Amino acid sequence: RPIAASLHSAYHELRDAIPYQDQLGSDETSLKDNGKKHWVWCITAAAFSVFHIARTRSREVLETLVGTEFTGYLNFDYFSANCSFAWTFWIKSQYCWAHLIRDIRFLQTHPDPPTQAWAAQLLERARRLFAAWHRRDTMAPAGFQRSMLTQRDRFLQVVRHPPAPKEAQTLAARFALVTYTTAESSAPDTYDLSQDYFRFMFADGVEPTNNHSEQQIRHCVIDRRITQGTRGVAGQRYHERMWTAIATCRKQQRNFFSFLHASIKAHLEQQPAPSLL
């Protein structure tokens, strides 16, 4: 408990900073607390990572951690809670292409031959898209933008004409044009869902995958296997604060044990705690 208490200030300072970042990543994994399923949420930024243990995997956790007024870019996978959060609050999301490509490859094993052929076409279009994207440093800005628009449109031409099986239709729906109305106007408007997969093409520093957040949360998975989870609220607070301090010190190339020593010393002497910002 003294260790968790010593990290209270630094942890909450990072949590408060989350909504003001230009770019974030989010991922989650399960955790048992006294045998009951909980979820470890990881929110990553350039200079820090914050871990939070919650009872739920719903979008309310993102509303609490990221905030409904977030104006930056948010990388995550195409999970229902993430989608609901992005669509409800007009978040500039970037869905993970690694997850998408995995789903497309799964369709190559579908018993329907047209679905197999469609998936193969999508993989080829994705390969060409990323081959062009990886050449961005060797191209003039105008030429790079033309190339990206061409590759995007060719991918959409394929993905928006799926075969009949529901698995193909479900994947294609991620790239649909949807009609909606707002409280301010009853006139229908159109939203292109595909832009949430292609923001990385034109926004500086936005990655096409959520790999960074998944890598950050990996040590929580290892910890879960060793400890078998937590045994109460005190254990939850200890774990999320320690995970946060360890990951953030590593990002900032700071010595974690020196930071922890300074935090405990400040707590015992009732002095201001050191910061992780």
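Residues numbered from 1 in each chain as written. Predicted model: local features only at pLDDT ≥ 70, side-chain atom pairs only at ≥ 80, totals over all residues. Heavy atoms only, no water.

Caption draft 1: Focus on the environment of alanine 126. With respect to the helices and strands, alanine 126 occurs in helix 6 (residues 113-133). Residue classification places alanine 126 among the buried positions, given a relative accessible area of 4%. Separated by 150 residues in the primary sequence, alanine 126 and leucine 276 have C-alpha atoms spaced 39 Å apart. (Helix = DSSP H or I, 4+ residues; strand = E, 2+ residues; numbered from the N terminus. Buried < 20%, exposed > 50% of the residue type's maximum accessible area, 1.4 Å probe, protein only.)

Caption draft 2: Layout of the nonpolar core. In terms of nonpolar packing, the biggest core is built from 62 residues, with Trp97, Trp118, Phe155 and Phe198 touching the most fellow members. Looking at this core element by element, the count peaks at nine residues for helix 6. Discounting residues that sit within four places of it in the chain, tryptophan 118 has contacts with Leu107, Val158, Val159, His161, Pro162, Pro163, Ala168, Leu171 and Ala172. Formed by nine residues, the second largest nonpolar core is a distinct cluster that contains Val40, Cys42, Cys220 and Trp243. (Core = buried A, V, L, I, M, F, W, Y, C linked by side-chain atoms within 4.5 Å. Contact = heavy atoms within 4.5 Å.)

Caption draft 3: Geometry of the pattern of salt bridges. On inspection of all chains with the given rule, the structure shows 11 salt bridges. The partner of lysine 265 in a salt bridge is glutamate 269, and the shortest N-O contact between them spans 3.2 Å. Take lysine 265: its relative accessible area is 42%, and that puts it in the partly exposed class. Ionic contacts of the salt-bridge type, sharing partners, join the residues Arg102, Asp103 and Arg174 into one network. (Salt bridge = Lys/Arg side-chain N within 4 Å of Asp/Glu carboxyl O.)

Caption draft 4: Spatial organisation of the pairing of strand 5 (residues 92-95). Note that strand 4 (residues 73-76) and strand 5 share four bridges and pair parallel. Its bridge partner being in strand 5, tyrosine 73 is matched across the sheet by lysine 92. In this view, the connection linking strand 4 to its parallel neighbour strand 5 by way of helix 4 (residues 80-89) has right-handed handedness. (Pairing = 2+ DSSP bridges. Right-handed = clockwise from strand over helix to strand, strands pointing away.)

Caption draft 5: Examining helix 6 more closely. Under the 1.5 Å per step criterion, the end-to-end length of helix 6 is 30 Å for 21 residues, consistent within 8% with the ideal 30 Å. Three or more residues of helix 6 are buried, namely Thr115, Trp118, Ala119, Leu122, Leu123, Arg125, Ala126, Leu129, Phe130, Ala132 and Trp133. Those residues of helix 6 hidden inside the fold are in contact with helix 5 (97-107), helix 7 (141-159), helix 8 (166-172) and helix 9 (195-198). (Expected span 1.5 Å × (residues − 1).)

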